Amino acid sequence: MRIVVNLDVMLAKRKMSSNELASKIGITPANLSILKTGKAKAIRFSTLEAICNELDCQPGDILEFVRE
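Residues numbered from 1 in each chain as written. Predicted model: local features only at pLDDT ≥ 70, side-chain atom pairs only at ≥ 80, totals over all residues. Heavy atoms only, no water.

Engineer: Can you break down the overall build of the chain residue by residue, with the values?
Structural biologist: Scanning the chain for helices and strands turns up five helices and two strands. In sequence order, the secondary structure elements of the chain are arranged as β-α-α-α-α-α-β. Here the chain has a C-alpha radius of gyration of 11 Å; the compact-globule value for 68 residues is 11 Å, and the two agree. Each principal axis of the C-alpha distribution contributes one length, and for the chain these read about 35 × 20 × 20 Å. A buried classification covers 28% of the 68 residues belonging to the chain. Residue pairs at least 24 apart in sequence account for 67% of intrachain contacts in the chain once pairs closer than 6 positions are excluded. When the accessible surface of the chain is totalled, it reaches about 4800 Å², and 50% of it is carbon and sulfur. Across the chain, the mean location of the 10 positive side-chain charges is 5 Å away from that of the 8 negative side-chain charges. (Helix = DSSP H or I, 4+ residues; strand = E, 2+ residues; numbered from the N terminus. Rg over C-alpha atoms; globule rule 2.2 N^0.38 Å. Buried < 20%, exposed > 50% of the residue type's maximum accessible area, 1.4 Å probe, protein only. Contact = heavy atoms within 4.5 Å. Areas by Shrake-Rupley, 256 points an atom, 1.4 Å probe, with all protein chains shown as cover. Lys, Arg positive; Asp, Glu negative; His and termini not counted. Charge placed at Lys NZ, Arg CZ, Asp CG, Glu CD.)

Structure follows, in structure tokens:
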């Protein structure tokens, strides 16, 4: 089982760059990159909320559970 991060998909749909999103939600581009690549071990609800607010989406649009 694993969690897949589809942040790139939502960024493309909203025509927004990673750097722009990072700036708007107040995290570093490096930390956003770690999240985008699926290397993050955790995400704060406040960060997830900020991402969803800026991208006008639901958490399920960004995070996906995949059975292996």
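There's more to say after this.
Engineer: Got a sec to walk through helix H2 (residues 18-25)? Specific residues and values, please.
Structural biologist: Within H2, burial applies to Leu-21, Ala-22 and Ile-25. The buried residues of H2 occupy one face: seen down the axis, they fall within an arc of 100°. Across from the buried face of H2, at angles greater than 90 degrees, the exposed residues are Asn-19 and Ser-23. Taken from the residues just after H2, Gly-26 is the one with a positive phi, measuring 80°. (Arc of directions from axis to C-beta.)

Engineer: Outline the environment of Asp-61, supporting the account with residue identities and numerical values.
Structural biologist: With respect to the helices, strands and loops of the structure, Asp-61 is situated in helix H5 (residues 59-62). Among the residues examined, Asp-61 registers a relative accessible area of 37% and is labelled partly exposed. In this structure, the C-alpha to C-alpha distance between Asp-61 and Pro-29, residues 32 residues apart in sequence, is 20 Å. Other than its neighbours up to four places away in sequence, Asp-61 contacts Asn-6 and Met-10.

Engineer: Help me get a handle on the packing of H2 against helix H3 (residues 29-36), residues and values and all.
Structural biologist: The interhelical angle for the contact between H2 and H3, taken along N-to-C directions, is 115°, at an axis separation of 9 Å. On the basis of their axis angle, the class for H2 and H3 is roughly perpendicular. Crossing hand, H2 versus H3: right-handed. Between H2, through Ser-18, Asn-19, Leu-21 and Ala-22, and H3, the contact on the second element is made entirely by Pro-29, Leu-32 and Lys-36. (Axes fitted to C-alpha atoms, helices over the stretch in contact; angles between N-to-C directions. Parallel < 35°, antiparallel > 145°, perpendicular 65-115°, else oblique. Left-handed = near helix turned anticlockwise from the far one by under 90°.)

From the geometry alone we can't say anything about function, so treat these as descriptive.
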